[in-house]
Amino acid sequence: MLGATGTTGGRVVEFLRGRSVPVRLATRTPGPDPRTVRFDWWDRASYSPALRGVRAVYLVAPIGVEQPVPIVELFLKVAAREGVRRVVLLGSSAVDAASTGTGALYELVRATMPEWAVLRPSWFMQNFLGDHVVAHGVRTGAIATATGEGRVAFIDPADIAAVAGHALVDETPHNTEHLLTGPEALSYADTAAILSAHLGRPIVHRAISTAEAVARYQDSGIPVEFAKLLAELDEDIRAGTEDRVTDTVRAVTGRIPRSFREFVRVHL
Ligand SMILES: NC(=O)c1ccc[n+]([C@@H]2O[C@H](COP(=O)([O-])OP(=O)(O)OC[C@H]3O[C@@H](n4cnc5c(N)ncnc54)[C@H](OP(=O)(O)O)[C@@H]3O)[C@@H](O)[C@H]2O)c1
């Protein structure tokens, strides 16, 4: 399990443990728990020991790397050598299949693994919590984005994890891409209204320009190239690319994906 300490991976671990599936947690900082193993994308010697005896891998590619194919390709070669048959890759609804960049990972996994799934979730509801710039906006009362009135079908990472869990352990490999969304598409102004009503204090959405969004991402510590990429994704939302709802979570897991209102009620 890569990204085992992260937003989606941590929930995939919970999902699998709930079904008594043995899991090995890969992290750069393993603790005393014997189920954890040291894994670092930038230390190739850590690949084999992390993969030995493993049947299926949840794969979160190195984050913020513009061209991740070479390093992931090497990892998959080691995985195949160690007997891994199945890989479930975390992709993104915002990233289409492409010949370069992170979009090229989809084809890489499909072409090299006998059993595979590519998860392409929409934007995480979790972005409204913790350190994310959106969460900062919730705390200060103004969520600033370059998304305009564009809508996003935000998804609870627990729903992504449930799909990932199935894709890892279902007897029949999924061998497909799963476009994953929450149950309704909302603009950031809609989310602000839901948050205001729940928290009992005014929260607004402030529509800013793409250039302003780049500056804000940079102010939060994100390097300029990645900040530009994130601001472009805001632009895509403004153009309507994320205004879609799929039935995949229910079709794969049988559970109804959690609504934003319910997420806010539980977590805020
Ligand atoms: N946020 C969104 O709305 C959204 C929407 C769609 C897709 N996504 C995608 O989600 C991905 C992030 O997944 P996530 O949110 O589940 O993870 P996350 O919470 O950002 O956690 C990152 C994980 O990566 C691991 N990691 C970081 N550097 C590493 C390294 N050098 N070697 C090995 N592991 C390393 C960390 O493990 P340790 O620190 O324990 O080593 C941690 O478990 C991104 O690629 C993004 O494109 C995000």
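Counting restarts for each chain: residues are numbered from 1 in the order of the written sequence. At least 70 in pLDDT is required for a residue's local features to be given in this predicted model, at least 80 for side-chain atom pairs to be given and counted, and no such filter applies to totals for whole chains, interfaces and linings, which use all residues. Think of the side-chain values as coming from all heavy atoms in the structure, minus any hydrogens and water.

A. Geometry of the site of the ligand. Only heavy atoms are used to decide nearness, and a residue is near a molecule or strand if one of them lies within 4 Å of it. Taken together, 22 residues form the shell around the ligand, and within it T5, T7, T8, T27 and R28 come nearest. Each polar contact in these results corresponds to two N or O atoms within 3.5 Å; when the atoms are within protein, one needs to be able to donate a hydrogen and the other to accept it, and residues that are neighboring in sequence are counted only if both atoms are side-chain atoms. For the ligand, an oxygen atom lies 3.4 Å from a polar atom in the backbone of G3. Within the side chain of N127, a nitrogen or oxygen atom sits 2.8 Å from an oxygen atom of the ligand. Tallied by class, residues from the shell around the ligand come to 10 nonpolar, 10 polar and 2 charged. Three residue categories are used. Nonpolar comprises Ala, Val, Leu, Ile, Met, Phe, Trp, Tyr, Cys and Pro, charged comprises Asp, Glu, Lys and Arg, and polar comprises the others, including Gly.

B. Looking closely at the pattern of salt bridges. Throughout this description, the term salt bridge denotes a Lys or Arg side-chain nitrogen within 4 Å of a carboxyl oxygen of Asp or Glu. Taken as a whole and judged by the stated rule, the model has 16 salt bridges. When the shortest N-O distance is used, the salt bridge between R86 and E115 registers 2.9 Å. You can see R86 sitting in strand 4 (residues 86–90) and its partner E115 sitting in strand 5 (residues 115–121), a full 29 residues away along the chain. Exposure class is identical for R86 and E115. Each is buried. Linked by salt bridges that have partners in common, R85, R86 and E115 make up one network. By definition, any uninterrupted DSSP run of H or I lasting at least four residues is a helix, any uninterrupted run of E lasting at least two residues is a strand, and each is numbered from the N terminus. Think of it in three bands: with a 1.4 Å probe and only protein chains considered, a residue is buried below 20% of the maximum accessible area for its type, exposed above 50%, and partly exposed in between.

C. Spatial organisation of the sheet that holds strand 3 (residues 56–59). A pair of strands is considered paired only if DSSP assigns at least 2 bridges between the two. The parallel open sheet is built from 4 strands, whose spatial order is 3-4-5-8. Every interior strand has two partners, whereas the edge strands, strand 3 and strand 8 (176–180), have only one. Each strand of the sheet is rotated relative to its neighbour by a mean of 15°, with strand direction disregarded. Note that strand 4 and strand 5 share 5 bridges and pair parallel. Looking at strand 5, one finds that L90 is bridged to L119. Here, residues are in contact when the closest pair of their heavy atoms is within 4.5 Å. Axes here mean lines fitted to C-alpha atoms, for a helix over just the part in contact, with angles spanning 0 to 180 degrees between N-to-C directions. Along the sheet, helix 6 (residues 157–169) makes contact with strand 3, strand 4, strand 5 and strand 8, crossing strand 4 at roughly 160°.

Limitation: the analysis is restricted to geometry and does not speak to function.
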